[in-house]
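# Coordinate inspection notes
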Amino acid sequence: MKTIELYKALNIKDNEFKEIVERLGRYPNELETYLFSAMWSEHCGYKHSKKYLSRLPLGGAVSAGENAGGIKIGKHVVVFKAESHNHPSAVEPYQGAATGIGGIVRDILAIGARPIALLDSLKFGPLNDNYSKHIFEGVVSGISGYGNAIGVPTVAGEVLFDDNYKANPLVNVMAVGIVEEDKIQSAKAIPNNKVILMGAETGRDGIHGASFASKELSGRSGEDRPSVQIGDPFMKKLVIEATLEIVKIKNVLACQDLGAAGLLSSSAEMADKGNCGINLYLDRVHVREDEMQPWEIMLSESQERMLFVVEDSGVQEVLDICNKYGIPSSVIGETIEEQEYRLFFNSKLQACVPPKLLTEGIFYDLNEEKPLYIDEYANKKLNTEYDIKKAIYKIVANPNFVSKEWIYSKYDHMVGTRTVLKPGVSSSSGIWAYEEGGVIGVTIDSLPLQAFLDPYEGTRNAAWKSFRNLTADGFNPLGITDCMNYGNPEKNEAAYQFVKSIDGLAQACKETNIPVASGNVSFYNETETDRVYPTATIGAIGYINNYKNIIRSHFKSGESVYVIGKQLDENSSLGGSLYQKILFDFIGGKVDKTDVELEFKLREFIDNSHKKELLGGCRSVSYFGIFGALFKSLATENIGFEGEFPHSNDLLASMFGEITGRYLVSTRKDTEIESLLCSSNIPYKKIGLCKGSLIKFNGFNFNIDELIDSFNLLIQSEMER
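Residues numbered from 1 in each chain as written. Predicted model: local features only at pLDDT ≥ 70, side-chain atom pairs only at ≥ 80, totals over all residues. Heavy atoms only, no water.

The subject of this paragraph is the environment of Ser329. Mapped onto the secondary structure, Ser329 falls in strand β10 (residues 329-336). Ser329 sits in the partly exposed class, given a relative accessible area of 25%. Remark: the alpha-carbon pair of Ser329 and Pro169, spanning 160 residues in sequence, is separated by 36 Å. When neighbours within four sequence positions are excluded, Ser329 is seen to be in contact with Leu197, Met198, His286, Leu319 and Cys322. (Helix = DSSP H or I, 4+ residues; strand = E, 2+ residues; numbered from the N terminus. Buried < 20%, exposed > 50% of the residue type's maximum accessible area, 1.4 Å probe, protein only. Contact = heavy atoms within 4.5 Å.)

As structure tokens, then:
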């Protein structure tokens, strides 16, 4: 195929190819054109997002800019990162989700950290839709099948079902690891050393995976299926243990995982970071298929592979470790002083380009245009006439509210013996940091409906939501990773949504003084007719130095319940609240804005009241408002409640409204806690008492057991249909 025909077939734009020719000083040959098609894709090159990601604060993060970033805790670093595997999961849900887990674990591993926890944030179409149910079941099976087999617990997550995600499901996964600070690995190559590839044999699976993730879905899954990688969790477990042993060798100078664009991106990025070059001999790569062409070897995204730069004196030791674990390994090249990326096959030079030319493509300025719908939706008015009893029964049995036990029961969340807070118990989860004697708090959150109405405030609120989730459980929030999911950035509306979301996240991080240690952008989550809500998934970590200081999230019989923080009134902004969508199929209104001063007052109060043993339970208020937080805090102990939801003229809004900056707390020391609230200048309202077996409020009575049955069994019964 002629070069001009090839670059068009590989989705390289005319202006990009012209730029390649000008920088290279010649036309690229066939193999080089394949290299540029992958490295200049959105997935590898971040060509539409890199300029804007620089707005996010990194101060305080360790290894930001490497495979994953981290936060220092004592002598160790907690390493964490979120990634997306949206397109592959839409085409082949089991393998798409499984290899998403495999990829994010490799990112943690490449830093030299042991993976200790997994989280997921999942978005699907309606649960009563057979296609969406198929995707949902496959994704959950892929995460559990892979995560369980490699021995890393899945400890927390979130799930949202909405028509908006039917054509474009989102599968965001997060991994957390821990490593001694002085043992952190870099991907920076050093010249005049050997390059070793270890792990599974290279095949044709996943070829063009990077470019596949950089375009809209075609809607014809059969065409896209060859771009999906195939995972092998049993090989991955061996790779994990072997890698952790290899990186301890002083002669090992750099480590990189093979993810998007496989051997190409990993080796080119290592050379570029080290300001050096590299010679790769592709006929030395261990392959499992006959007659693989050089471009296939370079672009293959076969899973469970790692790349090392090793001094001559350490080569045999690395190979011996691989042999001990039964893992294939090959010395496939060497790093060189000249800044040239050279590929050889059967002793012939096949490609030669500067590595920086591959890793630094064109970076675009986005053409932001505020969508017309934003102002229109902001002024939409909601008719709130709805029978309260019907509302309660409908929400308690809605997939977006109910227990997610059907999901997390399939995950081995206790493997590794580090899990302190199990899934479904509290606002966040907790993982033992035995190495430092404390507990790492982890959470993953998003507010896509709010971000749809107001990308800036919705994303800012999502970051603050993660802050409150950690605070409610007693953790000190320390760091954020993001996974930004949007439509086609070449379209003005999607560009606006993305840029405003970045700015909202940056603002929240500045307000909380929390860095973005790592992250990911996933564009092109749209088809000809559908685009996902702008979905900024926020993964966050915190820390507590004594597990005894963790605050329980459930309430107990005899405890009074208070809502502290913002008090809802007729001026409150409730746009993007899920109850509106469920009860009224309504999206509209203005999005609430986070009150920074109040947020820090609330955090200080929770910390002080817990130290003074005034606090019983605590839960942050988010989805489904006060009722949602209250019901989940009661359901754990299977106890009732008697009280009044404060409201001006809209009881539904009072119960289910999702304004920011609120917690529910319980106590047996009403006088003392009210005194502390007053002295802290924090708005509060006592709403009732935990007692009996009924939920009673504002003249309504509900049997707690009946509601809990609906809450616990909905997803299971739906999946058994």
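Let us now look at the packing of helix α8 (residues 130-150) against helix α27 (residues 704-719). At a closest axis distance of 11 Å, the pairing of α8 and α27 adopts a crossing angle of 110 degrees. By the angle between their axes, α8 is roughly perpendicular relative to α27. Taken together, the residues of α27 that come into contact with α8 (itself represented by Lys133, Phe136 and Glu137) are Ile715, Glu718 and Met719. Residue composition of the contact of α8 with α27, grouped by class: 3 nonpolar, no polar and 3 charged. (Axes fitted to C-alpha atoms, helices over the stretch in contact; angles between N-to-C directions. Parallel < 35°, antiparallel > 145°, perpendicular 65-115°, else oblique. Nonpolar A, V, L, I, M, F, W, Y, C, P; charged D, E, K, R; others polar.)

Tracing the backbone through its elements, the reader meets Asn86 in helix α6 (residues 86-91). A relative accessible area of 3% places Asn86 in the buried class. Among the polar contacts made by the side chain of Asn86, one reaches the side chain of Asn172 at a distance of 3.4 Å. Among the polar contacts listed, one links the side chain of Asn86 to the side chain of Ser522, at a separation of 3.0 Å. Excluding residues that lie within four positions of it along the chain, Asn86 makes contacts with Pro169, Leu170, Val171, Asn172, Asn485, Ser522 and Asn525. (Polar contact = N/O pair within 3.5 Å; in protein donor to acceptor, adjacent residues only side chain to side chain.)

What follows is about the sheet that holds strand β25 (residues 700-703). Taking strand neighbours across the sheet as the criterion, the 7 strands line up as β20-β22-β19-β23-β21-β24-β25 in an open arrangement whose pairing is mixed. Pairing within the sheet leaves two strands with one partner each, and these edge strands are β20 (618-620) and β25. The sheet shows a mean angle of 20 degrees between the axes of neighbouring strands, direction not considered. Looking at chain direction, strand β24 (residues 694-697) and β25 are connected through 4 bridges and run antiparallel. Bridged to Lys696 within β25 is Asn701. Contacting β24 and β25, α27 runs over the sheet at an angle of about 60 degrees to β25. (Pairing = 2+ DSSP bridges.)

Read from one edge of the open sheet, 7 strands run β7-β9-β6-β10-β8-β11-β12, paired in mixed fashion. Two strands close off the open sheet at either side, each with one partner strand: β7 (252-257) and β12 (348-353). This sheet shows a mean twist of 25 degrees between the axes of neighbouring strands, independent of strand direction. Bridge count between strand β11 (residues 341-345) and β12: 5 bridges; the pairing is antiparallel. Directly across from Phe344, in β12, lies its bridge partner Leu349. The strands that helix α12 (residues 262-273) touches are β7, β8 (277-281), β9 (305-310), β10 and β11; relative to β9, the one it contacts most, it runs at about 30 degrees. In the packing of helix α14 (residues 315-324) onto the sheet, contacts are made with β6 (194-199), β7, β9 and β10, and the angle to β6 comes to roughly 5 degrees.

What follows deals with the state of the cysteines. This model, assessed by the stated rule, comprises 0 disulfides. Summary of cysteine pairing: Cys255 is not part of a disulfide, and the nearest cysteine sulfur, belonging to Cys322, is at 11 Å. Note on Cys255: relative accessible area 0%, which makes it buried. Counting only cysteine sulfurs, Cys352 is the nearest neighbor of Cys276, a cysteine outside any disulfide, at a range of 14 Å. Cys276 sits in the buried class, given a relative accessible area of 1%. (Disulfide = S-S within 2.5 Å.)

Now for the packing of aromatic side chains. Tallied over the entire structure, the rule returns 36 aromatic pairs. The interplanar angle of 25 degrees and the centroid separation of 5.2 Å between the aromatic rings of Tyr281 and Phe344 together place this pair among those described as stacked. Of the two residues, Tyr281 is situated in strand β8 and Phe344 in strand β11; the sequence distance between them amounts to 63 residues. The exposure class of Phe344 is buried, given its relative accessible area of 17%. Ring centres of Phe697 and Phe700 lie 6.0 Å apart, and the angle between their planes is 40 degrees; this geometry places the pair in the tilted category. Relative accessible area serves as the criterion here: at 23%, Phe700 is assigned to the partly exposed category. An aromatic cluster of three or more residues is present, and its members are Phe401, Tyr579, Phe624, Phe627, Phe631, Phe656 and Phe711. We note Lys410 situated over the ring of Trp406; from NZ or CZ to the ring centre the distance is 3.8 Å. (Phe/Tyr/Trp six-rings, centres within 6.5 Å; stacked < 30°, edge-to-face > 60°. Lys NZ or Arg CZ within 6 Å of the ring centre and 35° of its normal.)

Across the 5 residues of strand β14 (residues 429-433), 4 count as buried, placing the element largely inside the fold. Where β14 meets strand β15 (residues 438-445), 5 bridges bridge the pair, whose relative direction is antiparallel. Each bridged residue has a counterpart across the sheet, and for Gly430 the counterpart in β15 is Gly441. Taken together, β14 and the strand that follows it, β15, pair antiparallel across an intervening segment of 4 residues, in which Gly437 is found at a positive phi of about 85 degrees.

This part covers the environment of Val563. With respect to the helices and strands, the residue Val563 is situated in strand β19 (residues 560-565). On the accessibility criterion, Val563 (1% relative accessible area) is buried. Taking the C-alpha atoms as reference, Val563 lies 21 Å from Ile388; in sequence the two are 175 residues apart. Val563 has contacts with Ile626, Arg662, Tyr663, Leu664, Pro683, Tyr684, Lys685 and Ile687, leaving out every residue within four places of it along the chain.

So, about the nonpolar core. Residues Phe136, Ile392, Phe631, Phe656 and Leu664 are the most contacted members of the largest nonpolar core, which totals 118 residues. Contacts of Leu664, omitting those with residues within four sequence positions, involve Phe555, Val561, Tyr562, Val563, Gly617, Cys618, Arg619, Val621, Ile626, Ala629, Leu630 and Ile687. In terms of nonpolar packing, the next biggest core, distinct from the first, is built from 51 residues, Val21, Ile207, Leu264 and Val285 among them. (Core = buried A, V, L, I, M, F, W, Y, C linked by side-chain atoms within 4.5 Å.)

For the rest of this paragraph, the subject is the pattern of salt bridges. Side chains that carry opposite charge are capable of pairing whenever their charged atoms lie near each other. Taken as a whole and assessed by the stated rule, the structure comprises 42 salt bridges. Arg26 is paired through a salt bridge with Glu32; the nearest N and O atoms lie 2.8 Å apart. Among the charged side chains, a network of salt bridges with common partners joins Lys491, Glu493, Glu526 and Arg531. (Salt bridge = Lys/Arg side-chain N within 4 Å of Asp/Glu carboxyl O.)

With a phi close to 50 degrees, Asn275 is a non-glycine residue in the positive phi region. With respect to the helices, strands and loops of the structure, Asn275 is situated in the loop between α12 and β8. A residue is classified by how much of its surface remains accessible, and Asn275, at 48% relative accessible area, is partly exposed. Despite not being glycine, Asn698 shows a phi value in the positive range, around 50 degrees.

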